[in-house]
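# Coordinate inspection notes
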Protein chains: 2
Amino acid sequence: MIDCGRYPAKRTVGDELTVGADIFRDGHDVLRAVSRYRPPDSRTWREVEMRRVDAHLDGDRWEGTFAVDRTGRWSWTIEAWTDAFATWRGELERKIEAGQSDLSGELSEGIVLLEAAAQRAKKGARHRLIVAAARTLADPKKRDEVKREAALDTRLLEAVEHDPDRSDATALEQPLVVDVDRERARFGSWYELFPRSWGGLNGVAREIPELAELGFDVLYLPPVHPIGHTNRKGANNTLVAAKNDPGSPWAIGDETGGHTALHPQLGSMEDFDALVALANEHGVEIALDFAIQCSADHPWLTEHPEWFNRRPDGTLKYAENPPKKYQDIYNVNFDSEDWRALWDALLEVVLYWASHGVTIFRVDNPHTKPLPFWEWLIAEVNKQYPDVLFLAEAFTRAAMMRQLAKVGFNQSYTYFTWKSSKYELTEYVTELATSGMQDYYRPNFFVNTPDILTEELQHGGPPKFASRLVLGATLSPTYGIYSGFENFERVPVRAGSEEYVDSEKYEIKLRALDGPLLALVSRMNAIRRDNPALQHLDNIRFLETENDALIAYAKRHGDNTILSVVTLDPVNAQEGIVIVPFELGLPPVFEVSDLLSGETFDWRMGRNYVRLDPYRVAHLLRVTTT
Amino acid sequence: MIDCGRYPAKRTVGDELTVGADIFRDGHDVLRAVSRYRPPDSRTWREVEMRRVDAHLDGDRWEGTFAVDRTGRWSWTIEAWTDAFATWRGELERKIEAGQSDLSGELSEGIVLLEAAAQRAKKGARHRLIVAAARTLADPKKRDEVKREAALDTRLLEAVEHDPDRSDATALEQPLVVDVDRERARFGSWYELFPRSWGGLNGVAREIPELAELGFDVLYLPPVHPIGHTNRKGANNTLVAAKNDPGSPWAIGDETGGHTALHPQLGSMEDFDALVALANEHGVEIALDFAIQCSADHPWLTEHPEWFNRRPDGTLKYAENPPKKYQDIYNVNFDSEDWRALWDALLEVVLYWASHGVTIFRVDNPHTKPLPFWEWLIAEVNKQYPDVLFLAEAFTRAAMMRQLAKVGFNQSYTYFTWKSSKYELTEYVTELATSGMQDYYRPNFFVNTPDILTEELQHGGPPKFASRLVLGATLSPTYGIYSGFENFERVPVRAGSEEYVDSEKYEIKLRALDGPLLALVSRMNAIRRDNPALQHLDNIRFLETENDALIAYAKRHGDNTILSVVTLDPVNAQEGIVIVPFELGLPPVFEVSDLLSGETFDWRMGRNYVRLDPYRVAHLLRVTTT
């Protein structure tokens, strides 16, 4: 239940959903309960039996599990009732055990219950069994037999309970809902590139086979629209652009078009459609940036001046977060009196690109736009394109990041880039995986972005890049890298900044898929595809290593168990002990295969020696003992 | 928020209520928020400013605190809005700091904001200040001055924010409620006795001055009604009563009357009224048992046969929980078609005794009656007698015990009697005090009851009685003892049973207030009254002792701090170290006065040596350094 049911929980196709409740009533009667659930667009409720799962702890927690096997909004509720026959039978059993001799009153109750059960069963074998039992109970000569056998017959119990009396059933006041997305919402490997550095859309198309071969599922493109020339940013974010400076792709729109236009140097819409088609053939999806701001030259500024913030003195306000200034872009004004037309226009933008095969939108800075707008937009888009996913690029305080996920974003950027120590990583991933967030917030662990070159990467060199790659790819089911990571690009624009020097945001680079880290990237993507354990988040369990420079965690899904051990030290070799706890359910001694090196080792419950160094930053151990 | 607001939270008069919420919006604007609250029977909402309490943790948690100074149902909500002027002023400040020279656009915005503020202020000093500031901003010659001074004037900020623009304010969807009870709901010392063992109501009245002197606040009487003779239980719960056996007071009713009658041997209603009046004069309240079951001879069985369970063969069902049998009582049937009349009759019983001055009802086995009945009954009684309190005598699984508190019971029996080890006590009290239960579940720590003579007491002898008394009286703001405890009565009816031998439930005893433990009881009650810290539960903090036989905990309220150290070992002396943590906020070295022995000691933050033995089972240390 997310915020008392105000927001849907999230699952992906093929998941099982376990729902639970404290179920109890006054007195000592036997209870029964079912989870009732309804698939999307279905009128029929199905149900599955619930069980009391903490009877050993003297608790009243009941749970039921069902599979959600298609996308859309599922409803569920819980129904519980008193099982009068099981109550009667249980009391009778205890009385017989306690040696009570006169059971005539009890048997008279049993007859009434059996007669009602016979009526419910109508006819058939169960009906005959119940009628016979009722007659036996009514026959004074057979009562001794009844006491020992008939009334306590398990077949009879099953026959009666097959069609129980649910006349006192009670249910949740309102059904709750779960949004079930396709698998890519949970699991996927992302690559981000600026098309202008790869020869435009056709150049990107030429890389598609190789990106697919490397194991990427999603190719994410920053905005592909015309770029404004007023106040265009120059190289390294300078305020005055040189003549050939291309400007930031996020300064969207010029006289030739806005959010539904393509930058002419990238190619035509035919090229775009061809890129999408080719990518899909290779199993790669295209994710497009959705950034709402406009350059000063965007057609909307003249067509809809009322959509933009103006000062009382008539000047237009460019985007800013003082002392930061974004002189090349203007934010739309969601407080505009014409907000409804603005919302519709933004919806049209998303629908336009969805109609051209874009299946994922990476939304720029959603936290600076109203939450009700996102809740509406995502729902509207999904009415026409139920498989379209939205990724929230919000790096802000936790409450807003969580709220964006609650209102509908299928995935979210995270603080992963800034979690470097073992303590920070363990605490953060544990929060994502176990605090309740796992039911609505799906992380996308980008290891870098065009805006984020962390200090760790700047100073850690290639071993740190490898370590962060393995961490991102194994901690989170979805991770991504921004082009250049595989080349160990790590020079900041200045000391203390997380911006790249000569950032691709303001310049055209010549890029190629030739980075030395691609071998490990490819290996990681293949391992992730082969091992379902790595495709989930809430199955993680951190393991003690007795060394703060070594982090270890286990993930298990079905019979697939992966033990990951990663060094956080890019300079020195580190030794430690990985403690495999009883709770993982592994045999006392088991064999593991290192999916990175191909070696096999004998591991055991308890303490296992490990050693990692800058040339070997991780063990990814698959348990091969069955 | 208890169960998404379905049930009220609880407080007592004089408490402060702190309410909180995550408050945030899109973008970077400055927010303000208030807690709005409405006392019982008031139409006016008051409000108190909320503050962001976890800014240092980069959080969005806001809290506001207000005092609840009278009993009844309070409502509260939260209202938050965007502070446009503070946002403008903050941005201006950052721009000036960053050296931005052209601020004309910004100043034009400020003028509009100030003009609106001036209109809200209407007239007076604040109005004049705002108007002057607006003029300064509008005067091109004074703009340099503005940049440095006027616009950032703190008095101006205060003047504008005194009457803020709350036009975009948002509030909780529904106000939430808090039931505020009188102090006795939280804090009190109880004594339980069977009037028939004290010479009836007049005999009990003779003990009132002494009970008051001992420091008891509540005198709890088991049922005082006529007792059935059909299937009357004999001494030690035997099935056949001897001629003079008085029967169990819980087998309520005979031909002379039922729940609104007095047992003739106890006295008359005039005696009852006199007892209540005398007790009240001495500051003692009378708590009466409310047990719904009836003996076979209760008038209701003939007047309302439809209120009782009958088997299909016509036999009446006595109360049972197989293999346990209660042959002398019959439960009413809440599933009766005439349930509405039954509910009304039960309400009349409670109202009858409330009209005779009973201010607390100790409800027998509420967990075997429907929860909606209790929710209704308690609300109905409180409409006429808002100060009447209800104590739930439910010893069942946790979910039901919590639910009874949620539906309205002001106090609840607990598992305290069976929590004997340091681990168990710490875990249990921590749950009661910090898991959220503290907002609706108020424990009453009886150290024994007529049904519960724990194994610990049976075997521990007088030191164990003393230790349990100190634990009950210091861990919980409300505690109680059942007559005989002060005499160290500890012989069970048989080995392995928690029933007393020759239990007062089935026999008349000759009782007097002469037990050797009364000196300590009296001392404890006095200490509890003198020390506000012991009158609360959620202020507890357990302390490390480095010895599992010694339990220590601190409670602080205002400037009253009590450190309790209690031995759990009734046989051997125990030594340990009480570690006083930094978080208690005590000086590095401080003086404590032992409220039991009168000694003073120098204690310190960190490690303090303690030694307790069977002759000195506890330190109750009041910090006297100011």
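It should be noted that the structure appears before, not after, this text.
Below is a short write-up of the structure. What you see is a predicted model, and the numbers here were worked out from it, not measured in a lab. (Residues numbered from 1 in each chain as written. Chains lettered and ligands numbered in written order. Predicted model: local features only at pLDDT ≥ 70, side-chain atom pairs only at ≥ 80, totals over all residues. Heavy atoms only, no water.)

A word on the pattern of salt bridges. Scanning the model with the defined rule gives 86 salt bridges over all chains in all. The salt bridge involving Arg-32 of chain A is made with Glu-161 of chain A; its shortest N-O contact spans 3.7 Å. Residue Arg-32 of chain A is found in strand 3 (residues 31–38), and its partner Glu-161 of chain A is found in helix 5 (residues 154–161); the two are separated by 129 residues along the sequence. Here the two residues Arg-32 of chain A and Glu-161 of chain A agree in accessibility, since each one is buried. Residue Arg-397 of chain B is joined to Asp-60 of chain A by a salt bridge in which the shortest nitrogen-to-oxygen separation is 2.4 Å. (Salt bridge = Lys/Arg side-chain N within 4 Å of Asp/Glu carboxyl O. Helix = DSSP H or I, 4+ residues; strand = E, 2+ residues; numbered from the N terminus. Buried < 20%, exposed > 50% of the residue type's maximum accessible area, 1.4 Å probe, protein only.)

Bringing the sheet that holds strand 5 (residues 51–52) of chain B into the picture now. Residue and element names in this part refer to chain B. Read across the open sheet, the three strands follow the order 2-6-5; overall the sheet is antiparallel. Two strands bound the open sheet, and with one partner strand each, they are strand 2 (16–22) and strand 5. Here two bridges tie strand 5 to strand 6 (residues 61–67), and the two strands are oriented antiparallel to one another. Bridge pairing in strand 6 places Arg-51 opposite Glu-63. (Pairing = 2+ DSSP bridges.)

Attention now moves to unusual backbone geometry. Of note, the amide linkage connecting Pro-322 of chain A to Pro-323 of chain A takes the cis form, showing an omega dihedral of 5°. Positive phi, normally seen in glycine, also occurs at Asp-3 of chain A, with a value near 50°. Tracing the sequence through the fold places Asp-3 of chain A in the segment before strand 1 (9–12). Classification of Asp-3 of chain A by relative accessible area gives partly exposed; the value is 39%. Of note in this structure, Glu-546 of chain B is not a glycine but carries a positive phi near 60°. Summarising the element assignment, Glu-546 of chain B is placed in the loop between strand 20 (540–543) and strand 21 (550–557). For Glu-546 of chain B, a relative accessible area of 46% corresponds to the partly exposed category.

Residue and element names in this part refer to chain A. In this structure, Thr-561 sits in strand 22 (residues 560–567). We classify Thr-561 as buried; its relative accessible area is 3%. The residues touching Thr-561, leaving out its near neighbours within four places in the chain, are Lys-555, Arg-556, Leu-586, Leu-621, Arg-622 and Val-623. (Contact = heavy atoms within 4.5 Å.)

Turning next to the nonpolar core. One broad rule of soluble globular proteins: the nonpolar side chains tend to lie buried together. By size, the foremost hydrophobic cluster in this structure holds 145 residues, and its most contacted members are Leu-219, Phe-290, Trp-353, Trp-374, Phe-390 and Leu-475 of chain B. Examining the composition of this core, we find that ten residues originate from one element, helix 9 (residues 339–355) of chain B, more than from any other. Every residue in contact with Phe-390 of chain B, bar those within four places of it in the chain, is listed here: Val-350, Phe-361, Val-363, Leu-377, Ile-378, Val-381, Phe-409, Asn-410 and Gln-411 of chain B. Val-178, Val-349, Leu-351 and Val-407 of chain A belong to the second largest nonpolar core, which has 144 residues in total. (Core = buried A, V, L, I, M, F, W, Y, C linked by side-chain atoms within 4.5 Å.)

Let us now look at helix 5 of chain A. What helix 5 of chain A keeps buried is the set Leu-156, Leu-157, Ala-159, Val-160 and Glu-161 of chain A. Buried positions along helix 5 of chain A lie against strand 3, helix 1 (84–97), helix 2 (104–121) and helix 3 (125–138) of chain A.

This part takes up the relation of the copies chain A and chain B. Superposing chain A onto chain B requires a rotation of 180° together with a translation of 0.1 Å along the rotation axis, leaving an RMSD of 0.1 Å. On the angle and the small slide along the axis, the relation comes out as a two-fold axis. Residues of chain A ranked by C-alpha distance from the rotation axis are headed by Cys-4 of chain A, positioned 2.9 Å from it. Both copies contact each other with a shared surface, as 98% of the interface residues of chain A are interface residues in chain B too. (Least-squares fit on C-alpha atoms with pLDDT ≥ 70 in both.)

Another aspect to go through is helix 6 (residues 200–213) of chain B. Residue and element names in this part refer to chain B. With 14 residues, helix 6 should cover 20 Å at 1.5 Å per step; its first-to-last C-alpha distance of 21 Å lies within 8% of that length. Remark: the principal bend of helix 6, roughly 40°, maps to Glu-207, with a proline, Pro-209, within the next four residues. Along helix 6, the residues that are buried comprise Gly-200, Leu-201, Gly-203, Val-204, Ala-205, Ile-208, Leu-211 and Ala-212. Looking at the buried residues of helix 6, the elements they touch are strand 10 (188–192), strand 11 (218–221) and helix 7 (269–281). Gly-215 sits one or two residues past helix 6 and shows a positive phi near 95°. (Expected span 1.5 Å × (residues − 1). Bend = angle between axes of the 7 residues up to and from the residue.)

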